[in-house]
Amino acid sequence: MNITLIKHGRTDFNDQGKRQGSTDLSLNNRGDKEVRSMINEFKNKRFDVIFSSPLKRALETAQILFPEQNIVKNDFLREYDFGELEGVRFSEPLENFPDNEVEEYNGKQFLIPSEGETFEHVAHRVERFVQLLLHGFGEEANIAVVTHSTVIEIMRAFCEGKEWSAYLGKDTYFHGYVELELAAGSKL
């Protein structure tokens with residue numbers, strides 16, 4: 001099956017370099033323009049189903065790109081919950097948060113909130129979503145998924161048969177989306 005993973009447009013937190021995770025923000029003007037600039041890329045594509053994270057920024061992105069189609073909200077597609085780190089700038093020195101752990105993936109350090117989610121928890125959610133796709137759709141299915149950076153990076157790894165952390169922090173969806181193939185019967 002073909003899966004098109006689409007990252008939501010920008011928000012004020014994105015522009016300010018802040019962690020937004022589960023903070024439910026709408027697109028800002030820049031984000032709205034980014035999404036509208038992609039409309040023509042999807043104008044003539046037919047998707048069997050369009051899934052979206054229930055968070056505003058993803059849902060608004062889906063509604064702009066696919067105004068005439070039914071959008072299925074799925075909670076597995078929510079962004080990583082930063083817990084008490086929501087709204088904290090990524091540029092803040094890690095030393096300012098001694099109660100939180102630091103993990104390294106792909107040469108990049110990540111601050112893991114003492115309250116919130118772990119990457120393993122997000123990977124479990126994403127794996128459940130991929131299983132839903134594998135068991136619910138055939139090989140010819142064409143599916144759009146509008147979601148968030150962490151979910152896209154983890155889902156891309158799963159679809160390519162790699163370790164879930166293979167793309168963390170790599171921003172591998174250069175133009176706001178990435179197209180992948182997921183073979184029916186794939187094992188995660």
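For the structure given in this document, a descriptive report is provided here.

Calculation criteria
Residues numbered from 1 in each chain as written. Predicted model: local features only at pLDDT ≥ 70, side-chain atom pairs only at ≥ 80, totals over all residues. Heavy atoms only, no water. Helix = DSSP H or I, 4+ residues; strand = E, 2+ residues; numbered from the N terminus. Rg over C-alpha atoms; globule rule 2.2 N^0.38 Å. Buried < 20%, exposed > 50% of the residue type's maximum accessible area, 1.4 Å probe, protein only. Contact = heavy atoms within 4.5 Å. Phe/Tyr/Trp six-rings, centres within 6.5 Å; stacked < 30°, edge-to-face > 60°. Pairing = 2+ DSSP bridges. Axes fitted to C-alpha atoms, helices over the stretch in contact; angles between N-to-C directions. Parallel < 35°, antiparallel > 145°, perpendicular 65-115°, else oblique. Left-handed = near helix turned anticlockwise from the far one by under 90°. Nonpolar A, V, L, I, M, F, W, Y, C, P; charged D, E, K, R; others polar.

Secondary structure summary: the protein contains 6 helices and 7 strands in total. Against the globule reference of 16 Å for 188 residues, the protein gives a C-alpha radius of gyration of 16 Å, in line with a compact fold. Taken along the three principal axes of its C-alpha coordinates, the protein extends 50 × 40 × 25 Å. Within the span of the protein, comprising 188 residues, buried residues form 49% of the whole.

Mapped onto the elements of the fold, Phe90 is located in the loop between strand 3 (71–73) and strand 4 (101–105). Taking C-alpha positions, Phe90 is 26 Å from Ala62, a pair spaced 28 residues apart along the chain. Apart from the residues within four sequence positions on either side, Phe90 is in contact with Gly17, Lys18, Arg19 and Phe82.

The next point concerns unusual backbone geometry. Even without being a glycine, Asn106 presents a positive backbone phi close to 55°. Tracing the backbone through its elements, the reader meets Asn106 in the loop between strand 4 and strand 5 (108–112).

Moving on, we come to the packing of aromatic side chains. Tallied over the full model, the rule gives 14 aromatic pairs. The interplanar angle of 45° and the centroid separation of 6.3 Å between the aromatic rings of Phe42 and Phe47 together place this pair among those described as tilted. Residue Phe42 is classed as buried on the basis of its relative accessible area of 2%. Counting every residue linked through ring pairs, the aromatic cluster contains Tyr80, Phe82, Phe90, Tyr105, Phe110, Phe119 and Trp164.

Moving on: the pairing of strand 1 (residues 2–7). Taken across its 6 residues, strand 1 has 6 buried, putting it largely inside the fold. Relative to strand 6 (residues 142–147), strand 1 runs parallel, the two sharing 6 bridges. Bridging from a neighbouring strand, Thr4 pairs with Ala144 of strand 6. Alignment of strand 1 against strand 7 (residues 177–181), held across 5 bridges, turns out to be antiparallel. Note on strand 7: the bridge partner recorded for Leu5 is Val178.

Where helix 5 (residues 119–136) meets helix 6 (residues 149–159), the axes come as close as 9 Å, and the angle between the chain directions of the two elements is 60°. Judged by the angle between their axes, helix 5 and helix 6 are oblique. Crossing angle aside, the handedness with which helix 5 passes helix 6 is right-handed. Here helix 5 contributes Phe119, Val122, Ala123, Val126, Glu127, Phe129 and Val130 to the contact with helix 6, which in turn contributes Thr150, Val151, Ile154, Met155 and Phe158. Its residues assigned to classes, the contact of helix 5 with helix 6 shows 10 nonpolar, 1 polar and 1 charged.

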